[in-house]
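This is what each chain is made of:
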Amino acid sequence: AVVSTQSTGEEQEEVAYLRAKIETFRGHRTTMETKHHDLLQRLAEMEQNWDEEDAEFESKWRPKCKEEEKKTPQLYERNRQLRLELQMLYKQADTVISHAQAMKAVDDRKGMAFPSIKNNLRINLQKLQAEVTEQRKRVATANIKYEAEKSNREAVEKEVKQLRQELINSKISSSVSGR
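Residues numbered from 1 in each chain as written. Predicted model: local features only at pLDDT ≥ 70, side-chain atom pairs only at ≥ 80, totals over all residues. Heavy atoms only, no water.

With that out of the way, let us pick up the overall build of the protein. Looking only at helices and strands, one finds two helices and zero strands in the protein. As displayed, the protein offers around 14,200 Å² of accessible surface, 55% of which is attributable to carbon and sulfur atoms. (Helix = DSSP H or I, 4+ residues; strand = E, 2+ residues; numbered from the N terminus. Areas by Shrake-Rupley, 256 points an atom, 1.4 Å probe, with all protein chains shown as cover.)

Right under this line is the structure:
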């Protein structure tokens, strides 16, 4: 009987010890579950903040990009029109020059002078040359505007890429610091 009492006492101590361990583990498990729940809530909040930041970023820069994209085709079209006008003026100038040379050849062969025709041709030639110069200036101005718009568009696109990269980096850093 004595042996059974001693083993019962030892068994009771062991049971008490194991129950204390179970309670300790339960406490740790509860703490870990609470931390896990808190971390999941924090992650959900961070994801919501990221989505809000993405929407804000999109609403801020998308209109600027669209505005720049709208300007580009107009500049292409204006540049094309000015080039066509310049080509027409060159053709007219070539026609006047060839006509003047033909008249001069006729004058030289006949030995006769047609001062009024010559003067008219010279005046027309000078007018056409002035128009060609003006069209060249227009083309140059249009090219300058086009290049400026192109560089503005590229700058906006570069800034958008940079902001996206910063947003990604901030997401990464906040997710790393949140863990």
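Let us now look at the nonpolar core. Residues Leu 82, Leu 86, Leu 89, Ala 93, Val 96, Leu 128, Val 132, Val 139 and Ala 142 constitute the largest nonpolar core, which totals nine residues. Looking at this core, the elements with two or more residues in it are helix H1 (2-110) and helix H2 (115-178). For this core, the element with the most residues is H1, which contributes five residues. If near-sequence neighbours (up to four positions away) are discounted, Leu 89 is found in contact with Leu 128, Glu 131, Val 132 and Gln 135. (Core = buried A, V, L, I, M, F, W, Y, C linked by side-chain atoms within 4.5 Å. Buried < 20%, exposed > 50% of the residue type's maximum accessible area, 1.4 Å probe, protein only. Contact = heavy atoms within 4.5 Å.)

The next thing to look at is the packing of aromatic side chains. Taken as a whole, this structure holds one aromatic pair when the rule is applied. Ring plane angle 55 degrees and centroid distance 5.1 Å describe the contact between Tyr 76 and Tyr 146, whose orientation is recorded as tilted. Here Tyr 76 is found in helix H1, whereas its partner Tyr 146 is found in helix H2, with 70 residues between them in sequence. On the basis of relative accessibility, which here comes to 48%, the residue Tyr 76 falls in the partly exposed class. The buried category is assigned to Tyr 146, whose relative accessible area is 13%. (Phe/Tyr/Trp six-rings, centres within 6.5 Å; stacked < 30°, edge-to-face > 60°.)

Let us now look at the confidence of the model for the protein. Looking at the protein as a whole, its pLDDT mean stands at 84, while 89% of the residues score no less than 70. Contacts from residues 1-5, a stretch scored under 50 in pLDDT, to residues over four places away or in other chains number zero contacts. (pLDDT = per-residue confidence, 0-100.)

Moving on to the side chain of Asn 79. Mapped onto the secondary structure, Asn 79 falls in helix H1. With relative accessibility at 11%, the residue Asn 79 sits in the buried group. In this structure Asn 79 touches Val 139 and Asn 143, once residues within four positions along its chain are discounted.

Turning our eyes to something else, we now look at the pattern of salt bridges. Where side chains of opposite charge bring their charged atoms close, a pairing between them can arise. Applying the stated criterion across every chain, the model contains 10 salt bridges. Between Glu 85 and Arg 138 there is a salt bridge, and its shortest N-O distance comes to 3.3 Å. Of this pair, Glu 85 sits in helix H1 while Arg 138 sits in helix H2, and the two are 53 residues apart along the sequence. Classification of Glu 85 by relative accessible area gives partly exposed; the value is 27%. The partner of Arg 153 in a salt bridge is Glu 157, with the nearest N and O atoms 3.4 Å apart. You can see Arg 153 and its partner Glu 157 sitting in helix H2, four residues apart, about one turn around the helix. Salt bridges sharing common partners tie together Glu 67, Lys 71 and Glu 149. (Salt bridge = Lys/Arg side-chain N within 4 Å of Asp/Glu carboxyl O.)

What follows is about a nonpolar patch on the surface. On the surface, a nonpolar cluster with roughly 280 Å² of combined accessible area is contributed by Ile 168, Ile 172 and Val 176. With respect to the helices and strands, the residue Val 176 is situated in helix H2. (Patch = residues over 30% accessible without salt bridge, like charges linked within 9 Å, V, L, I, M, F, W, Y side chains within 5 Å.)

Mapping Gln 129 onto the fold places it in helix H2. Residues Gln 129 and Leu 89 lie 40 residues apart in sequence; the distance between their C-alpha atoms is 8.3 Å.

Moving on: the side chain of Gln 135. Checked against the element boundaries, Gln 135 lands in helix H2. Its relative accessible area of 6% is what places Gln 135 among the buried residues. Discounting residues that sit within four places of it in the chain, Gln 135 has contacts with Leu 82, Glu 85, Leu 86 and Leu 89.

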